[in-house]
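Here is what each chain is made of, one letter per residue.
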Amino acid sequence: MTQPLTTDAGVRFLRSPDAAFQGLADYPFAPHHINFEGLRLAYVDEGPRNGPVALLMHGMPTWSYLNRKIIHRLVAAGWRCVAADHIGFGRSDKVTDDGWYSIARHVAAHRLLVETLDLRDVTLFCQDWGGPIGLAQAAEQPERFSRLVVMNTWLHHADYAYTDALKQWNAQWQADGLFGMNVPEKLSLGWFMMLPLGHMKPADLFGVIGTGTHPVLTPEQDAVRRGYDAPFEGLGRAGHAGPRRFPLSLPFDNPQGGAAEAQAHWFEALLGWKKPIHFVWGGADAVFTEAWGRAWAAHYPQATFDLLPEAGHFLQETHGEQIAEIVLERMKAKP
């Protein structure tokens, strides 16, 4: 078991061993780090420093591994790709106190990254919780961003209607919910990811939790499973505070922790966005639906909307190369 560490301010955290990330499929990227509140925020920084900049955001329960296919394609096209792991995820340190985490803190960590690297002329790629955290950067520092790529996410505001699927997700992560009770002791996050990626069925999920019986995966599927399990190997329940906190930060349940007021401000501020904005949407997502994506895009006369009908919530995993190609083609077409 990994031993806890403590910041100078007394915040206890766990650090994933480097060995956990060795040999991950399609993820050869070297880690870089900045210090945030005494914690190590890890990020990928690939490609030429003089190329167009992509800032790629992840949500829950993923990490920069989710964006690896987009990174490979953009780097091949001459881009510089920066993709951080939120505190509590990936190669970043994992604070063990659930109460430490807030959307405001995640936003501040990414703001520090953008400013430390002095990123400019940035194309933002954001999905899931990477939406509010990433779009906050564009709302607060619009001069640094030249283009937005928005995928299956949202910004809280008064008129936003939360789906039943998102309300259920919140309920399942409460202390007495399915995931709140069983992650990670009976269900690892890597095995959880096999369900939305189509590598196991709902009945398999209950088999894993109920009897410890895991379905047989192909070598390719198991490599992906390992990629999503790697950050949490040996960390136990305390090391899962970051993922656990995201679903419990949804503004309808936790307005303060979810930065409800700030999110509404960012949404309003970005309604004045005049630069290119591309919506690339997974049409098979019950959490952030196609109807919502189209309604959001309709606020922007310059917006483009590309639907991937069969893609679900984690479209970077299933359609990463296609997403990169869509954006590259849209950029050729101008704006």
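The present account deals with the structure reproduced in this document. (Residues numbered from 1 in each chain as written. Predicted model: local features only at pLDDT ≥ 70, side-chain atom pairs only at ≥ 80, totals over all residues. Heavy atoms only, no water.)

What about the pattern of salt bridges?
Point 1. Evaluated as defined, the whole model comprises 17 salt bridges.
Point 2. Taking the shortest distance from any N to any O, the salt bridge between Arg120 and Asp118 comes out at 3.1 Å.
Point 3. Residue Arg120 is classed as partly exposed on the basis of its relative accessible area of 46%.
Point 4. Judged by relative accessible area, which is 40%, Asp118 ranks as partly exposed.
Point 5. Two residues, Asp306 and Arg330, come together in a salt bridge whose shortest N-O distance is 3.0 Å. Note that Asp306 is positioned in strand 11 (residues 304–308) and Arg330 in helix 12 (residues 315–333), a separation of 24 residues in sequence. (Salt bridge = Lys/Arg side-chain N within 4 Å of Asp/Glu carboxyl O. Buried < 20%, exposed > 50% of the residue type's maximum accessible area, 1.4 Å probe, protein only. Helix = DSSP H or I, 4+ residues; strand = E, 2+ residues; numbered from the N terminus.)

Here we look at the side chain of His240
Point 1. Note on placement: His240 falls in the loop between helix 8 (219–229) and helix 9 (241–245).
Point 2. The contact partners of His240, leaving out residues within four places of it in the chain, are Val183, Pro184, Leu189 and Phe232. (Contact = heavy atoms within 4.5 Å.)

So, the packing of helix 3 (residues 130–140) against helix 10 (residues 260–270)
Point 1. Their axes nearest at 9 Å, the elements helix 3 and helix 10 cross at an angle of 55 degrees. Taken as axis vectors, helix 3 and helix 10 run oblique relative to one another. As helix 3 packs across helix 10, the resulting crossing turns out to be left-handed. Residues Pro132, Leu135, Ala136, Ala138, Ala139 and Glu140 of helix 3 form the contact with helix 10, whose own contacting residues are Gln263, Trp266, Ala269 and Leu270.
Point 2. A class-by-class count of the residues in the contact of helix 3 with helix 10 yields 8 nonpolar, 1 polar and 1 charged. (Axes fitted to C-alpha atoms, helices over the stretch in contact; angles between N-to-C directions. Parallel < 35°, antiparallel > 145°, perpendicular 65-115°, else oblique. Left-handed = near helix turned anticlockwise from the far one by under 90°. Nonpolar A, V, L, I, M, F, W, Y, C, P; charged D, E, K, R; others polar.)

What about the sheet that holds strand 9 (residues 145–151)?
Point 1. Strand order across the open sheet formed by 8 strands is 3-4-6-5-8-9-10-11, with mixed pairing between neighbours. One side of each edge strand has no neighbouring strand; the edge strands of this open sheet are strand 3 (32–36) and strand 11. The average angle at which neighbouring strand axes cross in this sheet is 20 degrees, direction not considered.
Point 2. Across 3 bridges, the pairing between strand 5 (residues 53–56) and strand 6 (residues 80–84) is parallel. Counted as the bridge partner of Leu55 is Val82 from strand 6.
Point 3. The sheet contacts of helix 2 (residues 103–116) involve strand 3, strand 4 (39–46), strand 5 and strand 6, and relative to strand 3 the element is tilted by about 125 degrees.
Point 4. In this fold helix 12 packs onto strand 8 (122–127), strand 9, strand 10 (277–282) and strand 11, with an angle of close to 150 degrees to the strand it touches most, strand 11. (Pairing = 2+ DSSP bridges.)

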